[in-house]
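# Per-entry structural report
Residues per chain are reported as follows:
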Amino acid sequence: MEFELLKRIIEAALLAAGNPLTPTQILALFGENEATSHDDIARAIQSLQADCEQRGIELIEVASGFRYQVRQDVHGWVARLWTERPSRYSRALLETLALIAYRQPITRAEIEQIRGVAVSTHIIKTLEEREWIRVVGHRDVPGKPALFGTTRGFLDYFNLKSLDELPSLSEIRDFEDLDPQLSLPSPSSDGETPQIEGDPEILAQAIDELDVDVSGESDAPVPDPAHDPAAIRSHPQTLSSSVTDADTTEQDA
């Protein structure tokens, strides 16, 4: 198949699809008599990515495959297309999500033990409804508590291909500004990253390092890319959170 035609087909498929597409899914679009291979698909994708370098959109790979999305530097203007106000998540929700992301699989009781407060059922429900977390098993102890882990939807939303791309503690800036009462270990001389055992605010700060923005005052869902006729997603953005989380009670998401 002619290379330029292959590129146009892949570009159209990615724009029309409601979800990211893997190279295997793209290859399935072609019949047996249409000589196309995985290498051809990979070369076409690389060429399409290069074509987007000076454009307002980019072609990126996330956990579920490849997708087009609006670039961060022009997102502020494009976001005005949607009338819905994005969600604003509480510090409690961010800390819960961060603990699950970094310590998975983890039980609700373990999250509560680390945070020092009860985890609101509404927070767990919100994270499950966003399809950011799911039950991945049950701890083999009395009561068989559910073990929570993140989903591909979580990785896709935060523009990650795998959990390995989550920022490490050594990448989090301004440790001393998080809380002057915290006694945080410095990275060791051999460059080893400190163990993520601890303070949920540190873990939430790590999630903040991801370029996703969910700001605003309402708890409405994030605008669905289906509102865009071209089905181009408007991520990434910059994740923000409420700073009014009480010391001893959960704030609902």
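Whatever comes next refers back to the structure up there.
In this text the structure is predicted, and so the values were computed from the model without any measurement. (Residues numbered from 1 in each chain as written. Predicted model: local features only at pLDDT ≥ 70, side-chain atom pairs only at ≥ 80, totals over all residues. Heavy atoms only, no water.)

## A word on the packing of helix H5 (residues 91-103) against helix H7 (residues 121-129)
To be explicit about the condition: Angles run from 0 to 180 degrees between N-to-C directions of axes, and those axes are lines fitted to C-alpha atoms, restricted for helices to the stretch in contact. Per the convention used, a helix needs a DSSP run of H or I reaching at least four residues, while a strand needs a run of E reaching at least two, with both numbered from the N terminus. Two helices that cross are described as forming a left-handed crossing if the nearer one is turned anticlockwise from the farther one by less than a right angle, and a right-handed crossing if clockwise. Residues are treated as being in contact if the distance between any of their heavy atoms lies within 4.5 Å.
Where H5 contacts H7, the axes come no closer than 10 Å and their chain directions differ by 65°. When the axes of H5 and H7 are compared, the crossing they make is right-handed. Taken together, the residues of H7 that come into contact with H5 (itself represented by Ala92, Leu93, Thr96, Leu97 and Ile100) are Ile123, Ile124, Thr126 and Leu127.

## Side note on the nonpolar core
As a rule of thumb, soluble globular proteins bury nonpolar side chains together. The cut-off we apply is this: By nonpolar core is meant a set of buried Ala, Val, Leu, Ile, Met, Phe, Trp, Tyr and Cys residues that side-chain atoms within 4.5 Å join together. Only protein chains enter the accessibility calculation, which uses a 1.4 Å probe. A residue is then buried if its area is under 20% of the maximum for its type, exposed if over 50%, and partly exposed in between.
Leu97, Ile100, Leu127, Trp132, Ile133, Phe154 and Phe158 are the most contacted members of the largest nonpolar core, which totals 24 residues. Going through the elements one at a time, H5, H7 and helix H8 (152-157) are the ones with two or more residues in this core. Ala13, Leu48, Ile57 and Leu59 belong to the second largest nonpolar core, which has 17 residues in total.

## A closer look at the pattern of salt bridges
We apply this condition: Any carboxyl oxygen of Asp or Glu that lies within 4 Å of a side-chain nitrogen of Lys or Arg is treated as forming a salt bridge with it.
Enumeration over the complete set of coordinates arrives at nine salt bridges. A salt bridge links Arg108 to Glu112; the nearest nitrogen and oxygen atoms lie 3.7 Å apart. With Arg108 and Glu112 both in helix H6 (residues 108-115) and four residues apart, the pair spans about one turn of that helix.

## Quick word on the pairing of strand E2 (residues 65-70)
To keep things clear, this is the line we draw: Here a strand pair is declared whenever DSSP counts at least two bridges between the two strands.
Across the six residues that make up E2, a large majority, six, are buried. Linking two consecutive strands that pair antiparallel, namely strand E1 (residues 57-62) and E2, is a turn of two residues.

## Quick word on the environment of Asp39
Here Asp39 shows up in helix H3 (residues 38-51). Asp39 gets classed as exposed once you look at its relative accessible area, which sits at 59%. Separated by 16 residues in sequence, Asp39 and Pro23 have C-alpha atoms that sit 9.5 Å apart.

## Some thoughts on the packing of aromatic side chains
Our working definition: Classification of ring pairs uses Phe, Tyr and Trp, with its six-membered ring standing for Trp, and accepts pairs whose centres are within 6.5 Å; under 30 degrees between planes counts as stacked, over 60 as edge-to-face, and the remaining range as tilted.
If you walk through the whole model with that rule in mind, you get five aromatic pairs. Centre to centre, the rings of Trp132 and Tyr157 are 5.1 Å apart; their planes meet at 50°, and the pair counts as tilted. Here Trp132, found in the loop between H7 and strand E4 (133-138), pairs with Tyr157, found in helix H8; they are 25 residues apart in sequence, far enough to count as distant. Accessibility classification places Trp132 together with Tyr157 in one group, the buried group. Taking the centre distance of 5.4 Å and the plane angle of 75° together, the rings of Tyr157 and Phe158 count as edge-to-face. Accessibility assignment for this pair places Tyr157 and Phe158 in one class, buried. Joined through ring pairs, the aromatic side chains of Tyr89, Trp132, Phe154, Tyr157 and Phe158 make up one cluster.

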